[in-house]
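Analysis of the macromolecular model
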Amino acid sequence: MAELSQLIDSEVFLAYATYTTIVLLKMMLMSVITAYFRMTRKAFSNPEDTATFGKGENAKKFLRTDPDVERVRRGHLNDLENIVPFIGIGLLYALSGPALSTALLHFRIFVGARIFHTIAYLTPLPQPCRGLSWAAGYAVTISMAYRLLTTGLYL
Amino acid sequence: MAELSQLIDSEVFLAYATYTTIVLLKMMLMSVITAYFRMTRKAFSNPEDTATFGKGENAKKFLRTDPDVERVRRGHLNDLENIVPFIGIGLLYALSGPALSTALLHFRIFVGARIFHTIAYLTPLPQPCRGLSWAAGYAVTISMAYRLLTTGLYL
Amino acid sequence: MAELSQLIDSEVFLAYATYTTIVLLKMMLMSVITAYFRMTRKAFSNPEDTATFGKGENAKKFLRTDPDVERVRRGHLNDLENIVPFIGIGLLYALSGPALSTALLHFRIFVGARIFHTIAYLTPLPQPCRGLSWAAGYAVTISMAYRLLTTGLYL
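Residues numbered from 1 in each chain as written. Chains lettered and ligands numbered in written order. Predicted model: local features only at pLDDT ≥ 70, side-chain atom pairs only at ≥ 80, totals over all residues. Heavy atoms only, no water.

Comments concerning the interface of chain B and chain A
In this assembly, 33 residues from chain B lie in contact with 37 residues from chain A. Approximately 3000 Å² of surface area, both sides summed, lies buried where chain B meets chain A, with 71% of it carried by carbon and sulfur atoms. Taken together, the links from chain B to chain A amount to seven residue pairs in polar contact (both at pLDDT 80 or more). For the side of chain B that touches chain A, the elements supplying multiple residues, two or more each, are α1 (2-9), α4 (67-94) and α6 (129-151) of chain B. Sorting elements by how many residues they give to the side of chain B that touches chain A places α4 of chain B first, with eleven residues. (Contact = heavy atoms within 4.5 Å. Buried area = accessible area lost by both parts, 1.4 Å probe. Polar contact = N/O pair within 3.5 Å; in protein donor to acceptor, adjacent residues only side chain to side chain. Helix = DSSP H or I, 4+ residues; strand = E, 2+ residues; numbered from the N terminus.)

Considering a nonpolar patch on the surface
All names here are of chain A. The grouping of I115, F116 and I119 at the surface amounts to a nonpolar patch, some 250 Å² of accessible area in total. Structurally, the position occupied by I119 is in helix α5 (residues 100-122). Using a relative accessible area of 44% as the deciding quantity, one classes I119 as partly exposed. (Patch = residues over 30% accessible without salt bridge, like charges linked within 9 Å, V, L, I, M, F, W, Y side chains within 5 Å. Areas by Shrake-Rupley, 256 points an atom, 1.4 Å probe, with all protein chains shown as cover. Salt bridge = Lys/Arg side-chain N within 4 Å of Asp/Glu carboxyl O. Buried < 20%, exposed > 50% of the residue type's maximum accessible area, 1.4 Å probe, protein only.)

A look at the relation of the copies chain B and chain A
Once chain B is rotated about the relating axis by 120 degrees and shifted along it by 0.0 Å, it coincides with chain A to within an RMSD of 0.0 Å. In symmetry terms, the pair is related by a three-fold rotation axis. (Least-squares fit on C-alpha atoms with pLDDT ≥ 70 in both.)

Overview of the relation of the copies chain C and chain A
Least-squares fitting of chain C to chain A yields an RMSD of 0.0 Å, with the transformation described by 0.0 Å of translation along the axis and a rotation of 120 degrees. Looking at chain C, a mere 16% of its interface residues are interface residues in chain A too, so the copies touch through different faces.

Details of the interface of chain C and chain A
Contact with chain C, which involves 37 residues of that partner, is made by 34 residues of chain A. Taken over both partners, the interface formed by chain C and chain A buries close to 3000 Å², and the fraction arising from carbon and sulfur atoms is 71%. Along the contact surface separating chain C from chain A lie three salt bridges. When the shortest N-O distance is used, the salt bridge between E48 of chain C and R71 of chain A registers 2.9 Å. The interface formed by chain C and chain A contains seven residue pairs in polar contact (both at pLDDT 80 or more).

A few points about the environment of A135 of chain A
Residues and elements named next belong to chain A. Along the chain, the position of A135 falls in helix α6 (residues 129-151). For A135, a relative accessible area of 30% puts it in the partly exposed group. Between the C-alpha atoms of A135 and G152, which are 17 residues apart in sequence, the distance is 25 Å.

So, the side chain of H117 of chain C
Locating H117 of chain C in the fold gives a position in helix α5 (residues 100-122). Those residues within four positions of H117 of chain C in sequence are excluded, and the remaining contacts are N78, R130, S133 and W134 of chain C.

Topic: α6 of chain B
Helix length check: α6 of chain B, at 23 residues, gives a terminal C-alpha distance of 34 Å against a target of 33 Å (1.5 Å per residue), a fit within 8%. Burial in α6 of chain B covers these residues: R130, S133, G137, Y138, V140, T141, M144, A145 and L148 of chain B. Next to the buried residues of α6 of chain B lie α2 (11-41) of chain A together with α4 and α5 (100-122) of chain B. (Expected span 1.5 Å × (residues − 1).)

Comments concerning the nonpolar core
Grouped together as the largest cluster of nonpolar side chains are 94 residues, with contacts concentrated most on L80 and F107 of chain A, L80 and F107 of chain B together with L80 and F107 of chain C. When residues no more than four places from it in sequence are discounted, the contact partners of F107 of chain A are V12, A15, Y16, Y19, F86, Y93, A94 and M144 of chain A. (Core = buried A, V, L, I, M, F, W, Y, C linked by side-chain atoms within 4.5 Å.)

Written as structure tokens, this is what we have:
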């Protein structure tokens, strides 16, 4: 287990673990927000979810889409599309031996940008707030990928 | 390569690898189930997919949504939303040196909950079957994240 | 840091890192293509995105779905559904000590198949081009999972 503890003792890897956990917890929060809006807006996708509101036609009217629910769902999917590349490329980046300060800068900008992206999406703030926060996270991931491909390319 | 084999020889890591592989294979099965329902229900999204059913108006009528296909797709997306955090947080958790029995408990509950979630979604079983299986998997991931953030926080 | 550099010096792991980065960059490209089609087709999901086109009814007509935008989004979701299992299972596979040539064969076929899948989806090429490229990537992931479960099962 010596190697494992040394791996986890590397400060860059610890920072990666911390920021990845935070941004994944933020993404998981989207599920709870979706459930909250589905219940307060009474807008469901599955017939079995509306059973508590009665039977037949009475329950059927809750099988509908709601703008607020759809907005949260778009934010959630955008998270998936952007956080998955960050986790994959970020792990390899953290193992490629970057300077701690550079790595921290990448991780902090990404996590900050994604949190701001969610706020901008759900409020909603006027554009280009959401667009710029998306671009900041995207640029961080590209920057890490660039380092990986220029230092350790193996085709 | 000594370090690599020691990494992969850790029992906790082997358990993580096994359960992650199983739950990802389960998620991949959703693609096949979607394809199966698309073909039996004749409900497609792309014009090129309906070419075998003839041309023009005859093929166009198969460009439609079907409740069963949409149900599988919702289950697939829910898998993505929940399995991605499990893989990311679970990897870091497995490397943080938890007791083997505790780790196995986390992995087994998560994989069991996600398999039951799929059964509850596709049957469909009455609520709160699906809701509770979703919550069980969610709670496992939160528990692993809590351990990570309380033992190895690096901001 | 000795162990980390040895980990990252393993040729199989380097190959995994390279191909994972490439396929994730390809997936990230889908976001840009979606944005491009949304702007050229003037088809948006959020009211705040249409503010530059004027106010009231004038802007509202751009809140619509467009076949080209939806096509890219389906390709993006298909990427997520297939690349996430590849990254998770591929990482564990790369750490399980496969022969370099076998590992390279797996990674190259997968990345090639996913790039061709995107071309087949966006052109669109007649079926079964897209279906076969999807199946090739799927088979690679199943093959890696099979090796993992037959050599290192720990339940």
